[in-house]
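Close look at the chain arrangement
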Amino acid sequence: MKYRYLLIILIVIISITFLGAKVVKSKNYSKAMVNLLASLNYHAKSRNDKFLMIGNGGYNLYHPKAKTKIQMLNTVDGVIIEDAFTHSDKKAMQSALRCAVKNNKKVFSIEYKSFKGNKDVVSYKAKKNIKLNKIPKFCNKRYDVENLSDVKNFMVILDPDKYKTKKRYLNALRNTDYDLIFVDLYYHDKSLTKTDVKSLKVKKNGGKRLVCSYLSVGEAENYRYYWKSSWKKKSKRPKWIAKENKNWHGNYKVCYWYSAWQKILYGYLDKIINVRFDGVYLDVIDAYEYFE
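My aim in this report is to walk through the structure given alongside it, one point at a time. These numbers were taken from a predicted model, which means no experiment stands behind them. All residue numbers refer to positions counted from 1 along the written sequence of the respective chain. In keeping with the predicted nature of the model, local features appear solely for residues at pLDDT of at least 70, side-chain atom pairs appear and are counted solely at 80 or more, and the whole-chain, interface and lining totals rest on all residues. Neither water nor hydrogens contribute to the side-chain values; these are computed over all heavy atoms in the structure.

Here we look at the overall build of the protein
Helix and strand content of the protein: eight helices and 13 strands. Exposed residues in this analysis have more than 50% of their type's maximum accessible area, buried residues have under 20%, and partly exposed residues fall in between, with area computed by a 1.4 Å probe over protein chains only. Across the 292 residues that make up the protein, the buried fraction comes to 48%. Counting only contacts in the protein whose residues sit at least 6 apart along the sequence, the fraction spanning at least 24 positions is 72%. Carbon and sulfur atoms make up 53% of the accessible area of the protein, which amounts to about 16,600 Å² in all. The numbering of helices and of strands both runs from the N terminus, where a helix is a DSSP run of H or I of at least 4 residues and a strand a run of E of at least 2. It only takes one pair of heavy atoms within 4.5 Å for two residues to be counted as in contact. Residue burial considers only the protein chains on display, and all accessible areas are found by Shrake-Rupley using a 1.4 Å probe.

Here you go:
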């Protein structure tokens, strides 16, 4: 009888512990990402109210059924989806894009295969080289692009290493007529200057265009200025650095809700604003999927 009571007490303790663990709410990672983007948006527009926030990926954040839809679409000025017309989940992607269009957001797609586009989506056909490091030729009639709504075409080049000098790289960019170009803040280890960025805002044909800089919000990159040499050892890395992206060597998922990482993002964003970029290309905003 004594042992039976002890067994019952033990079962009760285990049950309470288990139930207690079950009622602890898990973190809402998608909401945390949208909150971060909203914070970055407020930070940027407090310095330049015309600064553009364009999010790449994370279409489930503004899908018609998403709880984060309203906040997300109030936070960004435009959205980008890769493979929106060829991906296996293209129906959901295009549904999200239609939702963005209805909310007066500029929508873009980056495609790597042949596709049938949509008149409401500005698409860019990239080469098979997913590194996006080749500047294609493009000719168009002269007109000025003052706002995101004026954009009829765009180009992305995130890896300038194909160009042996910064001068060649910048000249190649200047020698195009794209309305909007997305580039990296850095050429190798040196930041572009105000003069560099200003020169890129003029098309080959003389018309004005917009220039935006890349910024990864969901991954830390070991080739960036903020990465410390001691972080080569896993044991020395901050606790907000998670697993390395197996598809992109040197890129690490981050616990983006940590203040230490957000402080880095604000500093990076300030560098982009300081050299007079028109906006920012916010990448890896779908990092919440990794944690979920």
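Okay, back to it.
Observations regarding the nonpolar core
Counting 94 residues, the largest nonpolar core has Met33, Tyr62, Leu173 and Tyr256 as the members making the most contacts within it. For this core, the element with the highest residue contribution is helix H2 (residues 29-45), accounting for eight residues. Excluding residues within four positions of it along the chain, Tyr256 makes contact with Tyr29, Ser30, Ala32, Met33, Leu36, Val217, Trp261, Gln262, Ala287, Tyr288 and Phe291. For our purposes a nonpolar core is just a set of buried Ala, Val, Leu, Ile, Met, Phe, Trp, Tyr and Cys residues, chained together by side-chain atoms within 4.5 Å.

Focus: the pattern of salt bridges
Note on definitions: salt bridges are taken to be side-chain nitrogens of Lys or Arg within 4 Å of carboxyl oxygens of Asp or Glu. Considering all chains together, one arrives at 10 salt bridges under this definition. In this structure, the salt-bridge partner of Asp278 is Lys201, at a minimum N-O distance of 3.3 Å. Within this pair, whereas Asp278 is found in the loop between helix H7 (259-274) and strand E13 (279-283), its partner Lys201 is found in the loop between helix H6 (194-200) and strand E9 (210-216), the two being separated by 77 residues in sequence. Where Lys253 meets Glu219, a salt bridge forms, and the shortest distance between an N and an O atom there is 2.6 Å. Taken together, the residues Lys253 in strand E12 (residues 251-254) and Glu219 in strand E10 (residues 219-221) connect sequence positions 34 residues apart. Here Lys253 falls in the buried class, since its relative accessible area comes to 13%. The class for Glu219 is buried, based on a relative accessible area of 3%.

Some remarks on the side chain of Arg209
Along the chain, the position of Arg209 falls in the loop between H6 and E9. Only four residue types enter the tally: Lys and Arg on the positive side, Asp and Glu on the negative side; His and the chain ends are excluded. Although Arg209 is buried, it makes no salt bridge; Asp177 carries the closest opposite charge, 5.8 Å away. Two N or O atoms form a polar contact when they lie within 3.5 Å of each other; inside protein one atom must be a possible hydrogen donor and the other a possible acceptor, and for residues adjacent in sequence the pair counts only when both atoms belong to side chains. At 2.9 Å, the side chain of Arg209 and the backbone oxygen of Leu173 are in polar contact. In this structure the side chain of Arg209 is engaged in a polar contact, spanning 3.5 Å, whose partner is the backbone oxygen of Val202.

So, the packing of aromatic side chains
Centres within 6.5 Å make a pair out of two Phe, Tyr or Trp rings, where for Trp the six-membered ring is used; the pair is then stacked when the planes are under 30 degrees apart, edge-to-face when over 60, and tilted otherwise. Within this structure, the stated rule accounts for 26 aromatic pairs. Between Tyr29 and Phe291, the ring centres sit 5.7 Å apart and the planes meet at 25 degrees, which makes this aromatic pair stacked. Taken together, the residues span a long stretch of sequence, with Tyr29 in helix H2 and Phe291 in helix H8 (residues 288-291) at a distance of 262 residues. When the ring of Trp240 is compared with that of Trp261, the centres are 5.5 Å apart and the planes differ by 40 degrees; the resulting orientation is tilted. Placement of Trp240 in the loop between E10 and strand E11 (241-244) and of Trp261 in helix H7 is noted, with a sequence separation of 21 residues between them.

What to know about the pairing of E13
For E13, the tally of buried residues reaches five of five residues, placing the bulk of the element in the interior. Whether two strands pair comes down to DSSP finding at least two bridges between them. Of the pairings in the sheet, the one linking strand E1 (residues 52-56) to E13 comprises four bridges and is parallel in character. From the neighbouring strand, Ile54 faces E13, where its bridge partner is Tyr281. Both E9 and E13 contribute to a ladder of five bridges, which runs parallel. In the strand pairing of E13, Cys212 is matched with Gly279.

Focus on H2
For H2, with 17 residues, the first-to-last C-alpha span of 24 Å sits near the 24 Å given by 1.5 Å per residue. Burial in H2 covers these residues: Tyr29, Ser30, Ala32, Met33, Val34, Leu36, Leu37, Leu40, Asn41 and Ala44. Of the surrounding elements, those touching the buried residues of H2 are E1, helix H3 (69-75), H7, E13 and H8. Between the first and last residue of a helix there are one fewer steps than residues, each counted as 1.5 Å, and that sum is the expected span.

Quick look at the sheet that holds E10
Read from one edge to the other, the open sheet built from three strands follows the order E10-E12-E11, with strand pairing classed as antiparallel. One side of each edge strand has no neighbouring strand; the edge strands of this open sheet are E10 and E11. Recorded for the sheet is a direction-independent mean angle of 40 degrees between the axes of neighbouring strands. Pairing of E10 with E12 involves three bridges; the strand directions are antiparallel. When the bridges of E12 are listed, Glu221 appears paired with Asn251. Axes here mean lines fitted to C-alpha atoms, for a helix over just the part in contact, with angles spanning 0 to 180 degrees between N-to-C directions.

Re helix H4 (residues 90-102)
The first and last C-alpha atoms of H4 sit 18 Å apart over 13 residues, in line with the 18 Å expected at 1.5 Å per residue. Restricting attention to buried positions, one finds in H4 the residues Ala92, Met93, Ser95, Ala96, Leu97, Cys99 and Ala100. Looking at the buried side of H4, the elements it contacts are H3, strand E2 (78-82) and strand E3 (106-111). Note on H4: the residue one or two positions beyond its end, Asn104, has a positive phi of about 60 degrees.

Brief notes about the packing of H2 against H7
In a packed pair of helices, the relevant descriptors are the angle between the two axes and the axis-to-axis distance. H7 packs onto H2 with a crossing angle of 35 degrees between their chain directions and a minimal axis gap of 11 Å. Judged by the sense of rotation from one axis to the other, the crossing of H2 with H7 is right-handed. Only Gln262, Leu265, Tyr266, Leu269, Asp270 and Ile273 of H7 make contact with H2, whose side of the interface consists of Leu36, Ser39, Leu40, His43 and Ala44. Partitioned by chemical class, the residues of the contact of H2 with H7 number seven nonpolar, three polar and one charged. Crossing handedness is read from the near helix: turned anticlockwise from the far helix by less than a right angle, it gives a left-handed crossing, and turned clockwise, a right-handed one. We call Asp, Glu, Lys and Arg charged. Ala, Val, Leu, Ile, Met, Phe, Trp, Tyr, Cys and Pro are nonpolar, and the rest, Gly among them, are polar.

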